[in-house]
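What the coordinates show
Residue-level listing of the chains:
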Amino acid sequence: MLKNFRQKKHIKLDLFSMSENIEIKKILSVIQEPIQIESKPFNNFAEKLGVPVEKVLSIIKEYVQNGIVRRFAGIVKHDRAGYKYNAMVAFEVDPEQCDYCGELLSKLLYVTHCYRRKACPEWPYNLYAMMHARDPFEFDIRLAEIKSIFEYHSVEVLRSVKEYKKSQYFIK
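Cut-offs used in this document
- Residues numbered from 1 in each chain as written.
- Predicted model: local features only at pLDDT ≥ 70, side-chain atom pairs only at ≥ 80, totals over all residues.
- Heavy atoms only, no water.
- Helix = DSSP H or I, 4+ residues; strand = E, 2+ residues; numbered from the N terminus.
- Buried < 20%, exposed > 50% of the residue type's maximum accessible area, 1.4 Å probe, protein only.
- Areas by Shrake-Rupley, 256 points an atom, 1.4 Å probe, with all protein chains shown as cover.
- Pairing = 2+ DSSP bridges.
- Axes fitted to C-alpha atoms, helices over the stretch in contact; angles between N-to-C directions.
- Contact = heavy atoms within 4.5 Å.
- Arc of directions from axis to C-beta.
- Core = buried A, V, L, I, M, F, W, Y, C linked by side-chain atoms within 4.5 Å.
- pLDDT = per-residue confidence, 0-100.

Looking only at helices and strands, one finds 5 helices and 6 strands in the protein chain. When the helices and strands of the protein chain are placed in sequence order, the string is β-α-α-α-β-β-α-β-β-α-β. Looking at the protein chain as a whole, 34% of its 172 residues are labelled buried. Approximately 11,500 Å² of the protein chain is accessible, and the part contributed by carbon and sulfur atoms is 54%.

Taken together, the 4 strands give an open sheet; going across it, the order is 4-5-3-6, and neighbouring strands pair in antiparallel fashion. Either end of the sheet is taken by a strand with one partner, and the two such strands are strand 4 (111–116) and strand 6 (154–159). For this sheet, the mean angle separating the axes of adjacent strands, direction not counted, is 20°. Of the strand pairs in this sheet, strand 3 (residues 85–92) and strand 6 are connected by 6 bridges, and their pairing is antiparallel. Paired with valine 89 across the bridge in strand 6 is valine 157. This element, helix 4 (residues 98–106), spans strand 3, strand 4 and strand 5 (127–133) of the sheet and lies at about 170° to strand 4. Contacts between helix 5 (residues 136–146) and the sheet are confined to strand 3, strand 4, strand 5 and strand 6, with strand 5 contributing the most and set at about 150° to the helix.

Moving on: helix 5. What helix 5 keeps buried is the set Glu138, Phe139, Arg142, Leu143 and Ile146. End-on view of helix 5: buried residues confined to an arc of 130°, all on one side of the axis. Contact partners of the buried residues in helix 5: strand 3, helix 4, strand 4, strand 5 and strand 6.

Looking now at the nonpolar core. Counting 18 residues, the largest nonpolar core has Phe91, Val93, Leu105, Leu127, Met131, Ile146 and Phe150 as its most contacted members. For this core, the secondary-structure elements that each account for two or more residues are strand 3, helix 4, strand 5 and helix 5. The element best represented in this core is strand 5, accounting for 4 residues. Those residues within four positions of isoleucine 146 in sequence are excluded, and the remaining contacts are Phe91, Leu105, Leu108, Tyr110, Val111, Ala129 and Met131. Within the second largest apolar cluster, 16 residues are counted, among which are Ile35, Ala46, Val56 and Tyr63.

Turning our attention to helix 4. Listed in full, the buried residues belonging to helix 4 are Cys98, Cys101, Gly102 and Leu105. Buried residues along helix 4 cover an arc of 100° about the axis, so they all sit on one side. Structurally, helix 4 contributes buried residues whose contacts are with strand 3, strand 4, strand 5 and helix 5.

This part is about the confidence of the model for the protein chain. Across the protein chain, pLDDT averages 81, with 77% of residues at or above 70. Ranking the helices and strands of the protein chain by mean pLDDT puts helix 4 first, with 96, and strand 1 (residues 2–7) last, with 42. Counting interchain partners and residues more than four positions distant, the pLDDT-below-50 stretch residues 1–15 has 53 contacts.

Here we take up the pairing of strand 5. Taking burial as the measure, the 7 residues of strand 5 include 7 buried ones, the bulk of the element. Side chains Leu127, Ala129, Met131 and Ala133 of strand 5 all project onto a buried face; the interleaved residues Tyr128, Met130 and His132 project onto the opposite face, where all are buried too. Bridging between strand 3 and strand 5 involves 7 bridges; their strand directions are antiparallel. Residue alanine 90 lies in a different strand from strand 5, and its bridge partner there is tyrosine 128. As paired elements, strand 4 and strand 5 share 5 bridges and run antiparallel to each other. Residue valine 111 lies in a different strand from strand 5, and its bridge partner there is methionine 131.

Given below as structure tokens:
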């Protein structure tokens, strides 16, 4: 299954009429549902909304163009794809090198998230990369690679032990 919904900055829905508001919320609640991997993935949305598939596609395009939806994209759930060995790797890098190092990490196919965050005296890490592997051997190889592509002062590997929540934004 693919997750596909990203909401843009707050759009003031009170700018729309009550009926438009209800319709927008209904459509958003449907199009943020996971897309099934099948030959006609939008048929399910069309059926739930009671409109032709072409209308679903034009609504998505319109919402993206008007800023109601920031981005519409597929996201593969790594655990269901066989990637059971995961870790957030936290680096302490020079602040002036952080963007460059982040760009290098972002190019790695097995890195799905990469963030720059403010460091704290008790936690000096300012660059984070979420990495994934299928088995312990692949994990060790990828971890060695990720730790070798740039210079850093310190690194902390926070292995995933259990996932408690991964959800989409629900519109009420």
